[in-house]
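For reference, the chains in residue letters:
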Amino acid sequence: MERITVIGSGTMGNGIAHVFAQYGYRVTLTDISEEALQKALKTIEGNFDRQIKKGTIDEAAKKSALDHIFTTTNLAEAVQEADLVIEAATENTEIKLNLFKQLSELCKPEAILASNTSSISITRIAAATTRPEQVIGMHFMNPVPVMKLVEVIRGYATSDAVTDTIMRLSEKIEKVPVEVNDYPGFVANRILMPMINEAIYTLYEGVAGVYEIDTVMKLGMAHPMGPLQLADFIGLDVCLAILNVLHEGFGNPKYAPCPLLVNMVTAGHKGVKSGQGFYTYTAGSKDLVVAPKFS
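Residues numbered from 1 in each chain as written. Predicted model: local features only at pLDDT ≥ 70, side-chain atom pairs only at ≥ 80, totals over all residues. Heavy atoms only, no water.

The name given to the protein in an unreviewed UniProt entry is 3-hydroxybutyryl-CoA dehydrogenase, with the source organism recorded as Mucilaginibacter straminoryzae. Turning to the protein, the UniProt record has this under Sequence similarities (unreviewed entry): "Belongs to the 3-hydroxyacyl-CoA dehydrogenase family." (UniProt positions renumbered as here; feature names shortened; annotations may be inferred.)

Okay, structure coming up:
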């Protein structure tokens, strides 16, 4: 497996492209606009510069990796020679289903089709293709160049051979793959999102403020980041979407998103990406600039 195509050049997509290129794979990064692709390349270069400052790579490794990344807005061109296509588009079921239907027609027969979805059913995605046995989930964690975990999700029809290939590939890029079965939220978000939702309920019900809730979880439970700040980093809209998938998938009221979360997303407060969530951030940065909005 030598040629990797990544669809979607946002935070997850450019991180996935970064890692595969760093390990010598030829990566084609595709998106709907040239502007998005150029922004992604700048982000990737900046992340390589951070690695250089930390001493984990040198300038030669950075140049080699960047030389392995190619960009195009033409989806058919991007995927026609790919051995593996990793979809990292918006966490929207219809978008993913339409995309995988296209990929089934555009990709070479032996290509593996993977989704970086954080909660949407791989079985459902695979059913939109003519090759469900070759569809699998590769759920990378953010930030991709730093986080070691890859949640490898087997759909109902995913073959043993495809699963083994993706497990080995993940190890080749020095990630730690964990194989899980296809149920709503998989493992990571089935556990994480109810915790975040409960933290939001704790705020909503006036038990404590943002700073207090996050401090309890950081100092009392040894979490590197409090659940409310983590929600801001993930994106409150993404958290809401995942909770809706869990609620719909299990039909259990314990997964119902907190009304405060719904209101914040409706108001456009999506966390770091919008500059406002449970905390307020400098435009275009993850730096906090003011005290928590709620206290």
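More follows now that the structure is in view.
**With respect to the overall build of the protein**
When its secondary structure is counted, the protein shows 12 helices and eight strands. The C-alpha atoms of the protein give a radius of gyration of 19 Å, which matches the 19 Å a tight globule of 295 residues would have. For the protein, the spread of C-alpha atoms along the principal axes amounts to about 55 × 45 × 35 Å. For the protein, buried positions account for 47% of its 295 residues. In the protein, once contacts between residues fewer than 6 apart in sequence are set aside, the share between residues at least 24 apart is 65%. As displayed, the protein offers around 14100 Å² of accessible surface, 54% of which is attributable to carbon and sulfur atoms. Positive and negative charge centroids in the protein, built from 26 and 33 side chains respectively, lie 2 Å apart. (Helix = DSSP H or I, 4+ residues; strand = E, 2+ residues; numbered from the N terminus. Rg over C-alpha atoms; globule rule 2.2 N^0.38 Å. Buried < 20%, exposed > 50% of the residue type's maximum accessible area, 1.4 Å probe, protein only. Contact = heavy atoms within 4.5 Å. Areas by Shrake-Rupley, 256 points an atom, 1.4 Å probe, with all protein chains shown as cover. Lys, Arg positive; Asp, Glu negative; His and termini not counted. Charge placed at Lys NZ, Arg CZ, Asp CG, Glu CD.)

**Thoughts on the environment of Val162**
As for its position among the elements, Val162 is in helix H7 (residues 160–172). When the C-alpha positions of Val162 and Leu228 are compared, they lie 37 Å apart, and in sequence the two are 66 residues distant. Residues contacting Val162, with those up to four places away along its chain left out, are Ile112, Glu133, Gln134 and Ile136.

**Brief notes about the nonpolar core**
Counting 34 residues, the largest nonpolar core has Phe20, Leu84, Ile86, Met138, Phe140 and Ile166 as its most contacted members. A total of six residues in this core trace back to one element, the largest contributor, which is helix H1 (residues 11–22). Excluding its chain neighbours within four sequence positions, the residues that come into contact with Met138 are Phe20, Leu84, Ile86, Ala114, Ser115, Asn116, Val150, Glu151, Ile166 and Ser170. Counting residues in each nonpolar core, the second largest holds 25 residues, with Leu243, Leu261, Val272 and Phe278 among its members. (Core = buried A, V, L, I, M, F, W, Y, C linked by side-chain atoms within 4.5 Å.)

**Quick word on the pattern of salt bridges**
Counting across every chain of the model gives nine salt bridges. We note a salt bridge from Asp160 to Arg154, for which the minimum N-O separation is 2.7 Å. One salt bridge connects Lys273 with Asp237, and the closest N-O pair in it is separated by 3.0 Å. Here Asp237 lies in helix H11 (residues 236–250) and Lys273 lies in the segment after helix H12 (259–266), a separation of 36 residues in the sequence. Take Lys273: its relative accessible area is 52%, and that puts it in the exposed class. Linked through salt bridges whose partners overlap, the residues forming this network are Glu45, Asp49 and Lys62. (Salt bridge = Lys/Arg side-chain N within 4 Å of Asp/Glu carboxyl O.)

**Details of the packing of helix H8 (residues 188–204) against helix H9 (residues 210–221)**
The interhelical angle for the contact between H8 and H9, taken along N-to-C directions, is 140°, at an axis separation of 9 Å. Between H8 and H9, the angle is such that the two are oblique. Considering the relative orientation of H8 and H9, their crossing is right-handed. On H9, the residues touching Met195, Ala199, Thr202 and Leu203 of H8 are Val210, Ile213 and Met217. A per-class count over the contact of H8 with H9 returns six nonpolar, one polar and no charged. (Axes fitted to C-alpha atoms, helices over the stretch in contact; angles between N-to-C directions. Parallel < 35°, antiparallel > 145°, perpendicular 65-115°, else oblique. Left-handed = near helix turned anticlockwise from the far one by under 90°. Nonpolar A, V, L, I, M, F, W, Y, C, P; charged D, E, K, R; others polar.)

**Notes on the UniProt feature "domain: 3-hydroxyacyl-CoA dehydrogenase C-terminal" (unreviewed entry) in the protein**
What UniProt calls "domain: 3-hydroxyacyl-CoA dehydrogenase C-terminal" (unreviewed entry) maps, in this numbering, to residues 185–281. For residues 185–281, the end-to-end C-alpha separation is 28 Å, with 62% helix and 0% strand making up the annotated structure.

**Here we look at the UniProt feature "site: Important for catalytic activity" (unreviewed entry) in the protein**
Feature annotation in UniProt assigns "site: Important for catalytic activity" (unreviewed entry) to the following positions: His139. A relative accessible area of 6% means that His139 is categorised as buried. Filtering out sequence-adjacent residues up to four positions away, His139 remains in contact with Ser115, Asn116, Thr117, Ser118, Leu149, Val150, Glu151, Ile153, Ala188 and Asn189. For His139, the side chain forms a polar contact with the side chain of Glu151, separated by 2.8 Å. (Polar contact = N/O pair within 3.5 Å; in protein donor to acceptor, adjacent residues only side chain to side chain.)

**What about the layout of surface pockets?**
Taken as a whole, the second largest pocket spans an internal volume of roughly 200 Å³. Lining the second largest pocket we find Thr93, Ser119, Ile120, Ser121, Arg124, Tyr183, Pro184, Asn244, Val245, Glu248 and Gly249. (1 Å grid on protein atoms, 1.4 Å probe; cavity = no way out; pocket = protein on both sides within 12 Å on 5 of 7 lines; lining within 4 Å. Points joined across faces, edges and corners; volume = space filled by probe spheres on them.)

**Looking at the sheet that holds strand E6 (residues 135–140)**
On the basis of which strands lie adjacent, the open sheet formed by eight strands has the order E3-E2-E1-E4-E5-E6-E7-E8 and mixed pairing. Since the sheet does not close on itself, it has two edges, and those belong to strand E3 (69–72) and strand E8 (176–181), each with one partner. Recorded for the sheet is a direction-independent mean angle of 25° between the axes of neighbouring strands. Where strand E7 (residues 149–154) meets E8, six bridges bridge the pair, whose relative direction is parallel. (Pairing = 2+ DSSP bridges.)

**Some remarks on H11**
Here H11 contains 15 residues, and its C-alpha end-to-end distance of 21 Å stays within 8% of the 21 Å for a straight helix at 1.5 Å per residue. Residues of H11 that are buried sit in contact with H8, helix H10 (227–234) and H12. Residue Gly251 follows H11 closely and has a positive phi angle near 65°. (Expected span 1.5 Å × (residues − 1).)

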